[in-house]
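A look at the structure
Okay, here's what each chain looks like letter by letter:
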Amino acid sequence: MARVASVALLTPLPQLDRVLEYAIPEPLQASIAVGVRVRAPLRTGGRVVEGFVLALAEESSYEGKLAELVSVVSPVPVLTPEIAELAREVANRQAGTLNDVLRLAVPARSARFEAAWWEARCAGSAPETGGIRHAVDGDSDATEAVPRERAFRAAPHGVRSDGTPRALAAILDAALADLSHGESVIVAVPDFREVELALRYLSTRADERLVRRMDARLKPKERARHFLACLEGTPVIAIGTRSALYAPVTKLASIYIWDDDDDSFTEPLAPYAHTRDVALLRQQLTGCRLVFSSYVPSAAVVRLIDMGWLTAHDDRQVNLPRVVISEHVLGEDDRLQHARIPSYAWRRAREALSSSNVLMQVGRAGYAPALVCEGCGERVTCRSCGTFLGQPRKDALPRCRVCGRDYMRWSCLHCGSERARPSGSGVHRTVEELGRAFPGATLVVADGEHERVSVSGTGNLVVATRGTAPIAPSGYACVILLDTGSMLLREGLDVVLDALHGWAAAAALCADDGEVFVAGSEHPATIALRDHSELALVREELQARRALSFPPTVRVAEVHGTRAEVEHALERLGEQHELDILGPLTDEDGTSRALVRMSYANARTLVPAMKAELVRAATSRPAPLPGKRRAAGSTLRIRLDPPHAF
DNA sequence: AGCACGCCGACT
DNA sequence: GTCGGCGTGCTC
């Protein structure tokens with residue numbers, strides 16, 4: 001009989017991120033199990049904290065006297081050994097705590113639902129599963145010797161007549177095949193739109209009880225329902241967003257990641273693990289198949305291809321859309337001039353609207369991305385942060401795009417004028433201009449504020465920002481990409497790849513016999529889109545980054561906190577490691593940040609050292625600041641591989 | 001986080 | 001001689 005439980009405590013303190021042993025009092029013997037949630041005492045203050053049982057044993061390996069567990073919160077073993085191990089790996093990779101990962105991996109308890117579910121289980125209402133068995137209960141299936149494939153697949157373009165993108169259907173067909181072999185699948189997609197498209201596709205092809213949805217939009221009870229169903233032991237397709245990677249499914253055959261470069265896959269909560277990395281860790285842990293699929297591979301995926309870790313396949317069909325690059329010419333029709341549309345594209349779009357739909361992708365949201373002074377033509381800037389003011393809606397007040405502040409009154413710093421006019425066009429102004437260029441068309445706006453999954457019928461002229469385009473069944477006869485030049489003018493390491501990614505996503509919504517017009521000039525990125533040679537462009541970009549030690553060819557840690565904390569942490573880390581440090585720079589709010597670059601090999605020792613440094617910072621008193629006597633906790637934070645750091 | 005242990009200044 | 005300051009360290 002097990003007398004000792006190893007428990008991971010659910011406390012945010014990095015110094016308590018370890019496994020403590022507790023004695024199991026007699027009354028808890030009946031309900032305790034590996035994976036259950038328990039309450040455990042912590043000496044100081046008679047505090048009681050929650051935790052998960054990670055293991056049970058006869059004997060203690062701790063020489064001191066064990067405290068007794070207080071209670072079992074719920075007898076349901078919600079934390080399977082596989083997920084516990086995955087969470088530990090994720091925490092280690094990110095210099096974070098197990099607790100932080102478990103918060104993402106195990107949904108909040110829905111007590112009443114969980115109790116009812118457990119009672120139904122115990123009553124043996126499901127003879128086919130015969131009670132709870134964890135996924136890794138031995139050599140139950142024959143996954144052993146043969147390593148499963150790890151691949152990148154360049155996704156097929158186009159949209160089926162039922163409105164499902166072919167790329168998504170290809171993934172779901174593969175998932176259904178795995179399911180038919182009696183194994184589980186995880187499918188991760190960027191957001192709820194793809195989840196809904198996928199569920200619709202699967203609804204006619206799989207028993208709905210075998211499809212489990214995991215995304216943040218679910219209400220707590222629904223989340224619990226789908227989560228607990230994964231524990232039942234029946235193979236399922238778990239489809240969802242970031243959290244799907246933590247689904248405790250049984251017999252995991254495959255993980256499919258759709259469009260791993262989408263920003264939605266960066267976890268906004270500590271320890272900020274990217275879905276791609278969680279997938280890689282889970283693959284290594286379980287040996288399952290792992291397939292990344294997207295129209296354009298991410299730089300991270302190309303790195304893995306070049307290392308030989310992923311094999312690349314091209315699933316694109318021969319009927320890739322024709323892509324035409326053309327600039328609009330001065331002296332063209334005035335309406336086109338305003339709408340920034342090349343006249344050739346305009347003629348084709350007009351024809352297309354009679355029998356199909358047209359998509360225009362615009363580079364900027366809002367009404368006007370910038371305002372200029374009517375007196376002197378200078379750009380209008382924000383007084384507090386110095387960036388340019390824009391206009392979110394026609395006739396709306398000027399608003400700072402960075403700090404969000406609205407300006408009731410404004411006067412030009414250069415000439416004193418109080419009048420400004422819009423400069424450039426966001427979606428809304430583009431719609432206004434298009435109304436004139438396409439009289440009679442039904443204008444549909446899709447941006448972050450107007451979410452639309454699809455359009456139906458014909459004659460729709462859809463104006464969308466990047467990543468928000470609705471899907472037209474069978475595709476758009478004509479896709480026009482506006483503002484390509486200005487998108488490439490932005491600052492940042494990822495500008496070119498981000499732009500290409502967004503264009504490719506819109507181009508892929510084109511009908512098989514349709515055309516894509518790039519309104520702009522020839523640039524390596526627009527040429528790659530035209531020639532369907534995206535992989536080569538990303539590879540070139542990756543090589544350039546390798547030469548300059550930019551991610552993803554190196555790992556990056558962002559060290560953040562007070563100037564003293566950051567400098568102290570870097571100094572201590574520098575005592576034992578060779579550090580490549582950029583910064584620290586101090587922000588307006590008084591906090592400092594530095595970037596530390598490291599090779600993947602060096603990260604294996606440096607990241608644990610960073611975790612140790614966080615523990616040290618949390619336990620030792622902060623250096624006494626002159627003036628302030630507050631002994632506040634440490635504000636040192638370390639974020640690994642922050643997106644868009646350069 | 002909390003809270004106990006521990007070694008130096010002004011008090012009945 | 002003690003009460004108490006909060007610096008340091010620990011939590012099974």
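Residues numbered from 1 in each chain as written. Chains lettered and ligands numbered in written order. Predicted model: local features only at pLDDT ≥ 70, side-chain atom pairs only at ≥ 80, totals over all residues. Heavy atoms only, no water.

1. Here we look at the packing of aromatic side chains
Operational definition: In summary, the pairing rule links any two rings of Phe, Tyr or Trp, Trp by its six-membered ring, whose centres are within 6.5 Å, and it sorts them by plane angle into stacked for under 30 degrees, edge-to-face for over 60 and tilted for everything else. Partly exposed describes any residue whose relative accessible area lies between the buried limit of under 20% and the exposed limit of over 50%, with all areas from a 1.4 Å probe on protein chains only and scaled to the type maximum. Geometrically, a lysine NZ or arginine CZ counts as sitting over a ring once it is within 6 Å of the ring centre and also within 35 degrees of the ring normal.
Under the counting rule described, the total for this entry stands at 4 aromatic pairs. Ring geometry for Trp117 against Trp118: centres 6.4 Å apart, planes inclined by 35 degrees, an arrangement best described as tilted. Judged by relative accessible area, Trp118 falls into the partly exposed class, the value being 23%. Directly above the aromatic system of Tyr600 lies the positively charged group of Arg303, at a separation of 3.5 Å from the ring centroid. Between the NZ or CZ atom of Arg639 and the centre of the ring of Tyr272, over which it lies, the distance is 4.1 Å.

2. A few points about the protein's contact with DNA strand B
Cut-off, in case you're wondering: Think of it this way: one heavy atom of a residue within 4 Å of a molecule or strand is enough to make that residue near it. Side-chain atoms alone can form a polar contact between residues adjacent in sequence; in general such a contact is a pair of N or O atoms within 3.5 Å, and within protein one must be able to donate a hydrogen while the other accepts it.
By nearness alone, every residue bordering DNA strand B is listed as Leu13, Gln15, Thr44, Gly45, Arg47 and Gly633. In DNA strand B, atoms within 4 Å of the protein come 35% from sugar and phosphate. At a separation of 3.2 Å, a base nitrogen of DNA strand B approaches a polar side-chain atom of Gln15. Contact between DNA strand B and Arg47: a base nitrogen at 3.2 Å from a side-chain N or O atom of the residue.

3. Remarks on the sheet that holds strand β10 (residues 252–258)
To keep things clear, this is the line we draw: By this definition, two strands are paired if DSSP reports at least two bridges between them. Numbered from the N terminus, helices here are DSSP runs of H or I no shorter than four residues, and strands are runs of E no shorter than two. Only the contacting stretch of a helix is used when fitting its axis, a line to C-alpha atoms as for every element, and angles between N-to-C directions run 0 to 180 degrees.
Taken in spatial order, the 7 strands line up as β8-β9-β7-β10-β11-β6-β12 in an open sheet, and their pairing is parallel. At either end of the open sheet lies a strand with only one pairing partner, and these are β8 (211–214) and β12 (311–314). For this sheet, the mean inter-axis angle between neighbouring strands, taken without regard to orientation, is 20 degrees. Sheet analysis places strand β6 (residues 150–154) next to strand β11 (residues 289–294), joined by 5 bridges and oriented parallel. The residue bridging Phe152 from the neighbouring strand is Phe292, located in β11.

4. With respect to helix α5 (residues 192–203)
Note the threshold: To estimate how far a helix should reach, multiply one less than its number of residues by 1.5 Å. Contacts are residue-level and defined by heavy atoms, with any inter-residue pair within 4.5 Å sufficient.
Helix length check: α5 (12 residues) gives 16 Å between terminal C-alpha atoms against 16 Å at 1.5 Å per residue, within 8%. Among the residues of α5, Phe192, Arg193, Glu194, Val195, Leu197, Ala198, Tyr201 and Leu202 are the ones counted as buried. Tucked inside the fold, the buried residues of α5 contact α4 (166–180), β8, β9 (237–240) and β10. Two or three places before Arg193, at the start of α5, stands the capping residue Asp191, its side-chain oxygen 2.9 Å from that residue's backbone nitrogen.

5. Topic: the sheet that holds strand β3 (residues 37–42)
Across the sheet, 5 strands lie side by side as β2-β1-β4-β3-β5; this open sheet has antiparallel pairing. The sheet is open, and its two edges are formed by β2 (19–23) and β5 (71–74), each paired on a single side. Between one strand axis and the next, the sheet turns by 45 degrees as a mean value, whatever way the strands run.

6. Points about the pattern of salt bridges
Here is the rule: A pairing counts as a salt bridge when a side-chain nitrogen of Lys or Arg comes within 4 Å of a carboxyl oxygen of Asp or Glu.
Summed over all chains, the structure comprises 40 salt bridges. Between Asp306 and Arg539 there is a salt bridge, with the nearest N and O atoms lying 2.8 Å from each other. With a gap of 233 residues between them, Asp306 in helix α8 (residues 299–306) and Arg539 in helix α15 (residues 534–548) connect regions that are remote in the sequence. Using a relative accessible area of 35% as the deciding quantity, one classes Asp306 as partly exposed. Taking relative accessible area as the criterion, Arg539 reaches 28% and is therefore assigned partly exposed. Across the salt bridge formed by Arg545 and Glu541, the nearest N and O atoms sit 2.8 Å from each other. Residue Arg545 and its partner Glu541 are both found in helix α15; the two are separated by 4 residues, about one turn of the helix. A network of salt bridges, in which partner residues are shared, links Glu149, Arg153, Asp178, Arg289 and Asp315.

7. Some remarks on the nonpolar core
Note the cut-off: For our purposes a nonpolar core is just a set of buried Ala, Val, Leu, Ile, Met, Phe, Trp, Tyr and Cys residues, chained together by side-chain atoms within 4.5 Å. Here the limits of each domain have been adopted from an automatic or database domain assignment.
Counting residues in each nonpolar core, the largest one holds 63 residues, and the members touching the most others are Val187, Leu359, Trp503 and Leu529. Take this core: its biggest share by element is 8 residues, from α4. The residue makeup of this core includes at least three contributed by each of domain 2 (150–314) and domain 3 (322–545). Excluding anything up to four places from it in sequence, Val187 contacts Ile171, Ala175, Ile237, Ala238, Ile239, Gly240, Ala244 and Tyr256.

8. Regarding the packing of α4 against α5
Put simply, the rule reads: Throughout this description, any angle smaller than 35 degrees is read as roughly parallel, any larger than 145 degrees as roughly antiparallel, any in the 65 to 115 degree range as roughly perpendicular, and the remainder as oblique. A clockwise turn of the near helix away from the far one marks a right-handed crossing, whereas an anticlockwise turn of less than a right angle marks a left-handed crossing. Gly is put with the polar residues, along with every residue not named as nonpolar or charged; the nonpolar set is Ala, Val, Leu, Ile, Met, Phe, Trp, Tyr, Cys and Pro, and the charged set is Asp, Glu, Lys and Arg.
Viewed as axis vectors pointing N to C, α4 and α5 meet at an angle of 55 degrees, and their least axial separation amounts to 10 Å. Between α4 and α5, the angle falls in the class oblique. The handedness of the crossing between α4 and α5 comes out as right-handed. Within the contact between the two elements, α4 uses Leu168, Ala169, Leu172, Asp173 and Leu176 and α5 uses Glu194, Leu197, Ala198, Tyr201 and Leu202. When the residues that make up the contact of α4 with α5 are grouped by side-chain class, the tally is 8 nonpolar, no polar and 2 charged.

9. Some remarks on the protein's contact with DNA strand C
Around DNA strand C sit 16 residues in total, of which Arg18, Glu21, Arg43, Tyr62 and Ala67 are the nearest. Backbone sugar and phosphate groups make up 48% of those atoms of DNA strand C lying within 4 Å of the protein. Here a phosphate oxygen of DNA strand C sits 3.4 Å away from a polar atom, N or O, in the main chain of Pro41. Contact distances for DNA strand C include 3.2 Å between a phosphate oxygen and a backbone N or O atom of Arg43.

10. Here's the deal with the side chain of Arg37
As for its position among the elements, Arg37 is in strand β3. Its relative accessible area of 11% is what places Arg37 among the buried residues. Here Glu50 takes part through its side chain, which lies 3.2 Å from a polar atom of the side chain of Arg37. Arg37 has contacts with Leu10, Glu50, Gly51, Phe52, Val72, Val73, Ser74, Val106, Pro107 and Arg109, leaving out every residue within four places of it along the chain.

11. A look at the UniProt feature "domain: Primosomal protein N' 3' DNA-binding" (unreviewed entry) in chain A
Heads up, the condition is: UniProt positions are given in the numbering used here, feature names are shortened, and annotations may be inferred rather than shown by experiment.
Mapped onto this numbering, the UniProt entry annotates "domain: Primosomal protein N' 3' DNA-binding" (unreviewed entry) at residues 10–107. Taken end to end, residues 10–107 is 21% helix and 27% strand, and its first and last C-alpha atoms sit 13 Å apart.

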